[in-house]
Amino acid sequence: MLAGPKQPDNVIMKKKQRKNLKILNVVGARPNFMKIAPIHRIMEASETMKPILVHTGQHYDDSMSKIFFEDLNLPEPDIYLGVGSGTHAQQTGAVMVELENILMQIKPDLVIVVGDVNSTMASAQVASKLCIPIAHVEAGLRSFDRTMPEEINRMVTDALADFLFVTEESGRQNLLNEGIAPEKIYFVGNVMIDSLLSHLKKAQNSDIISQLNLDHQQYALLTLHRPSNVDDRDTFHAILNALEQIEKKISIIFPIHPRSRKMIDQFQFGSQIEKMKNFKLIDPLGYLDFLHLMENAKFVLSDSGGIQEETTVLGIPCLTIRKNTERPVTVEMGTNVVVGMDPDKIVDESLKILSEQSKQGKIPPMWDGNAAQRIVEILERAL
Ligand code: UD1
(Lines give C-alpha, C1' and ligand atoms only; values in the text may rest on other atoms or scores of the structure.)
Protein backbone atom coordinates (compact mmCIF):
# COMPACT_ATOMS: atom_id res chain seq x y z
CA MET A 1 0.00 0.00 0.00
CA LEU A 2 1.23 3.48 -0.78
CA ALA A 3 1.36 5.93 2.09
CA GLY A 4 -0.03 9.38 1.50
CA PRO A 5 -3.14 11.47 1.53
CA LYS A 6 -6.62 10.42 0.52
CA GLN A 7 -7.27 11.06 -3.10
CA PRO A 8 -9.52 14.08 -3.57
CA ASP A 9 -12.00 14.03 -6.42
CA ASN A 10 -10.46 15.04 -9.71
CA VAL A 11 -11.65 18.50 -10.59
CA ILE A 12 -11.16 19.93 -14.01
CA MET A 13 -11.60 23.66 -14.16
CA LYS A 14 -13.58 25.18 -16.98
CA LYS A 15 -11.36 27.27 -19.22
CA LYS A 16 -12.19 29.82 -21.89
CA GLN A 17 -13.37 28.20 -25.09
CA ARG A 18 -11.17 30.23 -27.44
CA LYS A 19 -8.05 28.55 -26.07
CA ASN A 20 -7.79 25.47 -28.16
CA LEU A 21 -4.42 23.93 -27.30
CA LYS A 22 -4.76 21.74 -24.23
CA ILE A 23 -1.42 21.65 -22.38
CA LEU A 24 -1.05 19.40 -19.37
CA ASN A 25 1.56 20.78 -16.95
CA VAL A 26 2.65 18.02 -14.56
CA VAL A 27 4.26 18.56 -11.14
CA GLY A 28 4.92 16.10 -8.34
CA ALA A 29 7.66 17.04 -5.93
CA ARG A 30 8.98 20.18 -4.28
CA PRO A 31 11.59 21.17 -6.88
CA ASN A 32 8.96 20.98 -9.65
CA PHE A 33 6.72 23.75 -8.39
CA MET A 34 9.05 26.71 -8.97
CA LYS A 35 9.87 25.35 -12.44
CA ILE A 36 6.31 25.04 -13.69
CA ALA A 37 5.03 28.29 -12.09
CA PRO A 38 6.37 30.78 -14.67
CA ILE A 39 5.35 28.54 -17.60
CA HIS A 40 1.84 27.99 -16.27
CA ARG A 41 1.38 31.70 -15.62
CA ILE A 42 2.36 32.71 -19.17
CA MET A 43 0.15 30.01 -20.65
CA GLU A 44 -2.82 31.24 -18.60
CA ALA A 45 -2.41 34.63 -20.26
CA SER A 46 -1.91 33.13 -23.72
CA GLU A 47 -4.58 33.43 -26.42
CA THR A 48 -4.06 29.95 -27.74
CA MET A 49 -3.18 27.73 -24.80
CA LYS A 50 -5.33 26.20 -22.15
CA PRO A 51 -2.98 24.99 -19.39
CA ILE A 52 -4.18 22.24 -17.07
CA LEU A 53 -2.17 21.76 -13.87
CA VAL A 54 -1.76 18.17 -12.66
CA HIS A 55 -0.17 17.39 -9.27
CA THR A 56 0.78 13.74 -8.88
CA GLY A 57 0.95 14.03 -5.07
CA GLN A 58 4.48 12.59 -4.84
CA HIS A 59 5.06 15.28 -2.21
CA TYR A 60 1.98 15.82 -0.08
CA ASP A 61 2.99 17.40 3.26
CA ASP A 62 1.85 21.03 3.45
CA SER A 63 5.45 22.08 4.02
CA MET A 64 6.65 20.17 0.94
CA SER A 65 3.81 21.16 -1.37
CA LYS A 66 0.91 23.46 -0.36
CA ILE A 67 3.09 26.33 0.87
CA PHE A 68 4.82 26.44 -2.52
CA PHE A 69 1.51 26.87 -4.32
CA GLU A 70 0.76 29.80 -2.01
CA ASP A 71 4.22 31.40 -2.20
CA LEU A 72 4.42 31.02 -5.98
CA ASN A 73 0.84 32.11 -6.50
CA LEU A 74 0.12 28.91 -8.38
CA PRO A 75 -3.57 28.05 -8.72
CA GLU A 76 -4.87 24.91 -7.00
CA PRO A 77 -4.07 21.93 -9.22
CA ASP A 78 -6.88 21.15 -11.66
CA ILE A 79 -6.20 17.47 -11.06
CA TYR A 80 -4.63 15.79 -8.04
CA LEU A 81 -3.51 12.17 -8.39
CA GLY A 82 -2.62 11.62 -4.71
CA VAL A 83 -0.02 8.90 -5.30
CA GLY A 84 2.03 9.59 -2.14
CA SER A 85 5.22 7.80 -1.11
CA GLY A 86 6.45 4.29 -1.82
CA THR A 87 9.34 2.47 -3.41
CA HIS A 88 10.49 3.78 -6.77
CA ALA A 89 8.46 1.18 -8.63
CA GLN A 90 5.36 1.77 -6.51
CA GLN A 91 5.55 5.52 -6.92
CA THR A 92 6.34 5.43 -10.64
CA GLY A 93 3.67 2.79 -11.27
CA ALA A 94 1.03 4.68 -9.31
CA VAL A 95 1.65 7.89 -11.29
CA MET A 96 1.47 5.93 -14.54
CA VAL A 97 -1.84 4.22 -13.73
CA GLU A 98 -3.53 7.41 -12.52
CA LEU A 99 -2.17 9.67 -15.24
CA GLU A 100 -3.02 7.26 -18.04
CA ASN A 101 -6.64 7.54 -17.05
CA ILE A 102 -6.49 11.34 -17.09
CA LEU A 103 -4.67 11.51 -20.42
CA MET A 104 -7.22 9.22 -22.05
CA GLN A 105 -10.04 11.46 -20.83
CA ILE A 106 -8.47 14.84 -21.63
CA LYS A 107 -6.45 13.97 -24.74
CA PRO A 108 -4.09 16.95 -24.37
CA ASP A 109 -2.06 18.35 -27.27
CA LEU A 110 1.10 18.32 -25.18
CA VAL A 111 2.35 17.13 -21.79
CA ILE A 112 5.01 19.25 -20.09
CA VAL A 113 7.27 17.63 -17.49
CA VAL A 114 10.00 19.39 -15.53
CA GLY A 115 13.15 18.28 -13.74
CA ASP A 116 14.08 14.73 -12.85
CA VAL A 117 11.83 13.30 -10.16
CA ASN A 118 9.92 10.02 -10.38
CA SER A 119 6.76 11.87 -11.41
CA THR A 120 8.64 13.39 -14.36
CA MET A 121 9.72 10.05 -15.80
CA ALA A 122 6.44 8.28 -15.05
CA SER A 123 4.44 11.00 -16.84
CA ALA A 124 6.73 10.94 -19.88
CA GLN A 125 6.36 7.17 -20.17
CA VAL A 126 2.56 7.29 -20.12
CA ALA A 127 2.27 10.21 -22.55
CA SER A 128 4.70 8.59 -24.91
CA LYS A 129 2.71 5.33 -25.19
CA LEU A 130 -0.45 7.33 -25.86
CA CYS A 131 1.40 9.17 -28.63
CA ILE A 132 0.98 12.54 -26.91
CA PRO A 133 3.88 14.94 -27.57
CA ILE A 134 6.11 15.63 -24.55
CA ALA A 135 8.15 18.69 -23.61
CA HIS A 136 10.91 18.21 -21.05
CA VAL A 137 12.00 21.36 -19.27
CA GLU A 138 15.53 21.09 -17.84
CA ALA A 139 16.57 18.42 -20.32
CA GLY A 140 20.07 17.11 -20.95
CA LEU A 141 21.57 17.42 -17.47
CA ARG A 142 23.81 14.43 -16.69
CA SER A 143 25.82 13.46 -13.61
CA PHE A 144 26.96 10.27 -15.41
CA ASP A 145 26.18 8.50 -12.14
CA ARG A 146 23.51 5.87 -12.62
CA THR A 147 23.30 5.14 -8.89
CA MET A 148 21.30 8.40 -8.68
CA PRO A 149 17.60 7.71 -9.31
CA GLU A 150 17.36 11.16 -10.90
CA GLU A 151 19.94 10.22 -13.56
CA ILE A 152 17.72 7.34 -14.71
CA ASN A 153 14.71 9.65 -14.71
CA ARG A 154 16.57 12.22 -16.80
CA MET A 155 17.79 9.70 -19.37
CA VAL A 156 14.41 8.02 -19.87
CA THR A 157 12.53 11.32 -20.03
CA ASP A 158 14.94 12.80 -22.56
CA ALA A 159 14.80 9.68 -24.74
CA LEU A 160 11.00 10.06 -24.96
CA ALA A 161 10.62 13.84 -25.21
CA ASP A 162 9.77 15.71 -28.41
CA PHE A 163 10.81 19.16 -27.16
CA LEU A 164 13.96 19.28 -25.03
CA PHE A 165 14.52 22.62 -23.31
CA VAL A 166 18.04 22.93 -21.92
CA THR A 167 19.38 25.29 -19.27
CA GLU A 168 23.07 25.17 -20.11
CA GLU A 169 25.31 24.29 -23.03
CA SER A 170 26.39 20.98 -21.45
CA GLY A 171 22.76 19.85 -21.70
CA ARG A 172 22.70 20.30 -25.46
CA GLN A 173 26.03 18.51 -25.83
CA ASN A 174 24.91 15.55 -23.68
CA LEU A 175 21.74 15.15 -25.73
CA LEU A 176 23.61 15.30 -29.03
CA ASN A 177 26.04 12.68 -27.70
CA GLU A 178 23.06 10.44 -26.94
CA GLY A 179 21.83 10.76 -30.50
CA ILE A 180 18.92 13.17 -29.90
CA ALA A 181 18.07 15.06 -33.09
CA PRO A 182 19.41 18.64 -32.91
CA GLU A 183 16.10 20.13 -34.08
CA LYS A 184 14.40 18.86 -30.91
CA ILE A 185 16.83 20.71 -28.61
CA TYR A 186 16.28 24.33 -27.52
CA PHE A 187 18.66 26.30 -25.28
CA VAL A 188 16.20 28.57 -23.49
CA GLY A 189 17.73 29.39 -20.11
CA ASN A 190 16.49 28.37 -16.69
CA VAL A 191 12.87 28.53 -15.51
CA MET A 192 13.93 28.03 -11.89
CA ILE A 193 15.84 31.30 -12.20
CA ASP A 194 12.74 32.96 -13.71
CA SER A 195 10.96 32.14 -10.45
CA LEU A 196 13.88 33.23 -8.32
CA LEU A 197 14.21 36.63 -10.00
CA SER A 198 10.50 37.32 -9.94
CA HIS A 199 10.17 36.47 -6.23
CA LEU A 200 13.31 38.04 -4.79
CA LYS A 201 11.61 41.30 -3.89
CA LYS A 202 8.69 39.57 -2.20
CA ALA A 203 11.11 37.29 -0.33
CA GLN A 204 12.74 40.35 1.21
CA ASN A 205 9.57 40.85 3.28
CA SER A 206 10.17 37.51 5.01
CA ASP A 207 10.94 37.81 8.72
CA ILE A 208 12.56 34.36 8.95
CA ILE A 209 15.98 35.79 9.89
CA SER A 210 14.65 37.53 12.97
CA GLN A 211 12.33 34.62 13.76
CA LEU A 212 15.38 32.38 13.95
CA ASN A 213 17.44 34.99 15.84
CA LEU A 214 20.03 35.22 13.10
CA ASP A 215 22.07 38.05 11.61
CA HIS A 216 22.76 38.75 7.95
CA GLN A 217 25.82 36.72 6.76
CA GLN A 218 26.36 35.25 10.23
CA TYR A 219 25.10 31.74 9.44
CA ALA A 220 25.48 28.91 6.96
CA LEU A 221 22.43 27.28 5.42
CA LEU A 222 22.33 23.50 4.98
CA THR A 223 20.08 21.15 3.01
CA LEU A 224 20.73 17.41 2.88
CA HIS A 225 18.32 14.75 1.69
CA ARG A 226 19.90 12.69 -1.09
CA PRO A 227 19.59 8.92 -0.41
CA SER A 228 23.33 8.48 -1.11
CA ASN A 229 24.08 10.90 1.77
CA VAL A 230 21.39 10.23 4.35
CA ASP A 231 20.34 6.61 3.83
CA ASP A 232 23.86 5.28 4.50
CA ARG A 233 24.84 5.46 8.18
CA ASP A 234 28.60 5.92 7.68
CA THR A 235 28.22 8.63 5.04
CA PHE A 236 25.64 10.56 7.03
CA HIS A 237 27.81 10.26 10.13
CA ALA A 238 30.92 11.51 8.32
CA ILE A 239 29.00 14.55 7.06
CA LEU A 240 27.64 15.17 10.55
CA ASN A 241 31.18 15.09 11.95
CA ALA A 242 32.21 17.75 9.44
CA LEU A 243 29.21 19.87 10.40
CA GLU A 244 30.23 19.51 14.04
CA GLN A 245 33.55 21.18 13.19
CA ILE A 246 31.91 23.94 11.16
CA GLU A 247 29.24 24.85 13.72
CA LYS A 248 32.02 25.73 16.15
CA LYS A 249 32.84 28.64 13.80
CA ILE A 250 29.42 29.65 12.44
CA SER A 251 25.77 28.76 13.12
CA ILE A 252 24.27 26.26 10.72
CA ILE A 253 20.56 26.31 9.90
CA PHE A 254 19.16 23.04 8.60
CA PRO A 255 15.58 23.02 7.27
CA ILE A 256 15.21 19.29 7.31
CA HIS A 257 13.61 17.09 4.65
CA PRO A 258 11.30 14.33 6.02
CA ARG A 259 13.62 11.62 4.67
CA SER A 260 16.62 13.01 6.61
CA ARG A 261 14.63 13.44 9.81
CA LYS A 262 13.55 9.82 9.58
CA MET A 263 17.14 8.66 9.10
CA ILE A 264 18.44 10.75 12.05
CA ASP A 265 15.96 8.90 14.25
CA GLN A 266 16.77 5.53 12.73
CA PHE A 267 20.56 5.99 13.11
CA GLN A 268 20.12 7.53 16.59
CA PHE A 269 22.13 10.66 15.77
CA GLY A 270 19.89 12.73 18.09
CA SER A 271 22.28 12.87 21.06
CA GLN A 272 25.24 13.99 18.91
CA ILE A 273 23.10 16.70 17.33
CA GLU A 274 21.86 17.90 20.71
CA LYS A 275 25.44 18.67 21.71
CA MET A 276 25.93 20.81 18.59
CA LYS A 277 24.70 24.08 20.06
CA ASN A 278 25.00 26.16 16.87
CA PHE A 279 23.36 23.55 14.66
CA LYS A 280 19.67 24.32 14.32
CA LEU A 281 17.23 21.85 12.82
CA ILE A 282 13.99 23.43 11.62
CA ASP A 283 10.98 22.22 9.64
CA PRO A 284 11.13 22.51 5.84
CA LEU A 285 10.56 26.11 4.76
CA GLY A 286 8.37 27.66 2.10
CA TYR A 287 9.80 29.17 -1.06
CA LEU A 288 10.00 32.80 0.06
CA ASP A 289 11.49 32.13 3.51
CA PHE A 290 14.07 29.79 2.03
CA LEU A 291 15.01 32.28 -0.67
CA HIS A 292 15.47 34.97 1.97
CA LEU A 293 17.65 32.71 4.13
CA MET A 294 19.73 31.71 1.11
CA GLU A 295 20.25 35.29 -0.07
CA ASN A 296 21.50 36.38 3.35
CA ALA A 297 23.65 33.36 4.23
CA LYS A 298 27.43 33.48 4.47
CA PHE A 299 27.42 30.27 2.44
CA VAL A 300 25.30 27.26 1.62
CA LEU A 301 26.06 23.57 2.09
CA SER A 302 23.77 21.33 0.07
CA ASP A 303 23.26 18.15 -1.91
CA SER A 304 20.36 19.62 -3.89
CA GLY A 305 20.38 20.19 -7.64
CA GLY A 306 18.52 23.47 -7.94
CA ILE A 307 20.25 25.18 -5.01
CA GLN A 308 23.55 25.01 -6.93
CA GLU A 309 21.88 27.17 -9.58
CA GLU A 310 20.10 29.54 -7.22
CA THR A 311 23.27 30.29 -5.21
CA THR A 312 25.17 30.96 -8.44
CA VAL A 313 22.64 33.60 -9.43
CA LEU A 314 22.60 35.11 -5.94
CA GLY A 315 26.42 35.14 -5.79
CA ILE A 316 26.41 33.12 -2.57
CA PRO A 317 29.17 30.49 -2.17
CA CYS A 318 27.81 26.95 -2.38
CA LEU A 319 29.55 23.75 -1.28
CA THR A 320 27.91 20.77 -2.94
CA ILE A 321 28.13 17.65 -0.77
CA ARG A 322 28.15 15.17 -3.64
CA LYS A 323 30.66 13.33 -5.78
CA ASN A 324 29.50 15.03 -8.97
CA THR A 325 27.14 17.58 -10.43
CA GLU A 326 24.83 17.44 -13.43
CA ARG A 327 25.03 21.27 -13.53
CA PRO A 328 28.68 21.91 -14.48
CA VAL A 329 28.07 25.54 -15.44
CA THR A 330 27.57 26.37 -11.75
CA VAL A 331 31.16 25.19 -11.11
CA GLU A 332 32.70 26.56 -14.33
CA MET A 333 31.07 29.99 -14.07
CA GLY A 334 29.26 30.16 -10.76
CA THR A 335 29.96 30.03 -7.05
CA ASN A 336 29.61 26.26 -6.69
CA VAL A 337 32.36 23.92 -5.45
CA VAL A 338 31.73 20.17 -5.48
CA VAL A 339 33.33 18.99 -2.22
CA GLY A 340 32.25 15.35 -2.07
CA MET A 341 31.53 13.62 1.24
CA ASP A 342 35.03 13.71 2.73
CA PRO A 343 34.67 15.54 6.07
CA ASP A 344 38.14 17.15 5.85
CA LYS A 345 37.37 18.64 2.45
CA ILE A 346 33.97 19.91 3.62
CA VAL A 347 35.58 21.59 6.65
CA ASP A 348 38.54 23.00 4.67
CA GLU A 349 36.34 24.59 2.02
CA SER A 350 34.05 26.04 4.69
CA LEU A 351 37.01 27.57 6.52
CA LYS A 352 38.23 29.08 3.25
CA ILE A 353 34.92 30.86 2.86
CA LEU A 354 35.01 32.03 6.47
CA SER A 355 38.44 33.52 5.86
CA GLU A 356 36.98 35.46 2.93
CA GLN A 357 38.56 33.32 0.22
CA SER A 358 35.30 32.31 -1.42
CA LYS A 359 34.92 31.76 -5.11
CA GLN A 360 33.50 34.63 -7.16
CA GLY A 361 31.13 33.75 -9.95
CA LYS A 362 29.19 35.03 -12.94
CA ILE A 363 25.62 34.41 -14.04
CA PRO A 364 25.44 31.79 -16.83
CA PRO A 365 24.11 32.77 -20.28
CA MET A 366 20.33 33.15 -20.67
CA TRP A 367 19.61 32.85 -16.94
CA ASP A 368 17.83 36.15 -17.27
CA GLY A 369 14.29 35.50 -16.08
CA ASN A 370 12.83 34.97 -19.56
CA ALA A 371 13.16 31.22 -20.06
CA ALA A 372 9.45 30.47 -19.65
CA GLN A 373 8.55 33.13 -22.21
CA ARG A 374 10.93 31.54 -24.71
CA ILE A 375 9.49 28.09 -24.05
CA VAL A 376 5.91 29.21 -24.57
CA GLU A 377 6.81 31.07 -27.79
CA ILE A 378 8.58 28.01 -29.18
CA LEU A 379 5.62 25.78 -28.33
CA GLU A 380 3.08 28.23 -29.76
CA ARG A 381 4.95 28.28 -33.05
CA ALA A 382 5.46 24.51 -33.16
CA LEU A 383 1.96 23.43 -32.16
C1 UD1 B 1 12.39 13.61 -4.39
C2 UD1 B 1 13.19 13.49 -5.70
C3 UD1 B 1 14.50 14.26 -5.57
C4 UD1 B 1 14.29 15.68 -5.11
C5 UD1 B 1 13.48 15.66 -3.82
C6 UD1 B 1 13.21 17.07 -3.33
C7 UD1 B 1 12.85 11.35 -6.86
C8 UD1 B 1 13.49 10.07 -7.23
N9 UD1 B 1 13.52 12.12 -5.99
O10 UD1 B 1 13.16 12.93 -3.39
O11 UD1 B 1 15.12 14.30 -6.84
O12 UD1 B 1 15.53 16.30 -4.90
O13 UD1 B 1 12.25 14.98 -4.07
O14 UD1 B 1 12.58 17.08 -2.11
O15 UD1 B 1 11.78 11.65 -7.34
N16 UD1 B 1 7.96 12.35 2.53
C17 UD1 B 1 7.14 12.94 3.45
N18 UD1 B 1 6.31 13.91 3.02
C19 UD1 B 1 6.26 14.31 1.74
C20 UD1 B 1 7.10 13.68 0.81
C21 UD1 B 1 7.94 12.72 1.22
O22 UD1 B 1 7.15 12.61 4.64
O23 UD1 B 1 5.48 15.23 1.42
C24 UD1 B 1 8.90 11.31 3.00
C25 UD1 B 1 8.35 9.92 2.86
O26 UD1 B 1 8.80 9.17 3.94
C27 UD1 B 1 9.03 9.42 1.60
C28 UD1 B 1 10.36 10.15 1.63
O29 UD1 B 1 10.08 11.40 2.24
O30 UD1 B 1 9.16 8.04 1.57
C31 UD1 B 1 10.96 10.37 0.29
O32 UD1 B 1 10.05 11.03 -0.60
P33 UD1 B 1 10.17 10.79 -2.19
O34 UD1 B 1 9.25 11.66 -2.94
O35 UD1 B 1 10.11 9.34 -2.47
O36 UD1 B 1 11.66 11.22 -2.51
P37 UD1 B 1 12.51 12.49 -2.02
O38 UD1 B 1 13.62 12.00 -1.17
O39 UD1 B 1 11.63 13.56 -1.48
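Bear in mind the structure is a predicted one, so any value in this text is a computation, not a measurement.

Another point: the site of the ligand. For the ligand, the set of nearby residues contains 20 residues, the closest of which are His59, Asn118, Glu150, His257 and Arg259. Between the ligand and His225 there is a distance of 2.9 Å, counted from an oxygen atom to a side-chain nitrogen or oxygen. Within the complex, 88% of the 740 Å² of free accessible area of the ligand lies under protein. Looking at the shell around the ligand, the elements that each hand over two or more residues are α1 (30–45), α3 (88–106), α5 (149–160) and α11 (258–266). At 3 residues, the largest contribution of residues to the shell around the ligand is made by α11. Considered class by class, the residues forming the shell around the ligand number 5 nonpolar, 9 polar and 6 charged.

For the rest of this paragraph, the subject is the pattern of salt bridges. Counted by the stated rule, this structure contains 19 salt bridges. Lys66 is paired through a salt bridge with Glu70; the nearest N and O atoms lie 3.4 Å apart. With Lys66 and Glu70 both in helix α2 (residues 62–71) and 4 residues apart, the pair spans about one turn of that helix. Residue classification places Lys66 among the partly exposed positions, given a relative accessible area of 45%. The salt bridge partner of Lys298 is Glu356, with a shortest N-O separation of 2.7 Å. With Lys298 in the loop between α13 (287–295) and β11 (299–302) and Glu356 in the loop between α16 (343–354) and α17 (371–382), the pair connects residues that are 58 residues apart, well separated along the chain. With relative accessibility at 14%, the residue Lys298 sits in the buried group. Connected through shared salt-bridge partners, Lys35, Asp116, Glu138, Glu151, Arg154, Glu309, Arg322, Glu326 and Arg327 make up one network.

A word on the pairing of strand β5 (residues 134–139). Of all 6 residues in β5, 6 are buried, a share of seventy percent or more. Bridge count for β5 against strand β6 (residues 163–166) is 4 bridges, and the pairing is parallel. Pairing of Val137 across the sheet is with Phe165, part of β6. Taken together, β5, α5 and β6 constitute a β-α-β crossover, and its handedness is right-handed.

With respect to the helices and strands, the residue Gly57 is situated in the loop between β2 (49–55) and α2. C-alpha separation for the pair Gly57 and Ile79, spaced 22 residues apart in sequence, amounts to 9.9 Å. In contact with Gly57, not counting residues within four places along its chain, are Gly28, Tyr80, Gly82, Val83 and Gly84.

Each value, and the rule that gives it
Residues numbered from 1 in each chain as written. Predicted model: local features only at pLDDT ≥ 70, side-chain atom pairs only at ≥ 80, totals over all residues. Heavy atoms only, no water. Near = heavy atom within 4 Å. Polar contact = N/O pair within 3.5 Å; in protein donor to acceptor, adjacent residues only side chain to side chain. Areas by Shrake-Rupley, 256 points an atom, 1.4 Å probe, with all protein chains shown as cover. Helix = DSSP H or I, 4+ residues; strand = E, 2+ residues; numbered from the N terminus. Nonpolar A, V, L, I, M, F, W, Y, C, P; charged D, E, K, R; others polar. Salt bridge = Lys/Arg side-chain N within 4 Å of Asp/Glu carboxyl O. Buried < 20%, exposed > 50% of the residue type's maximum accessible area, 1.4 Å probe, protein only. Pairing = 2+ DSSP bridges. Right-handed = clockwise from strand over helix to strand, strands pointing away. Contact = heavy atoms within 4.5 Å.

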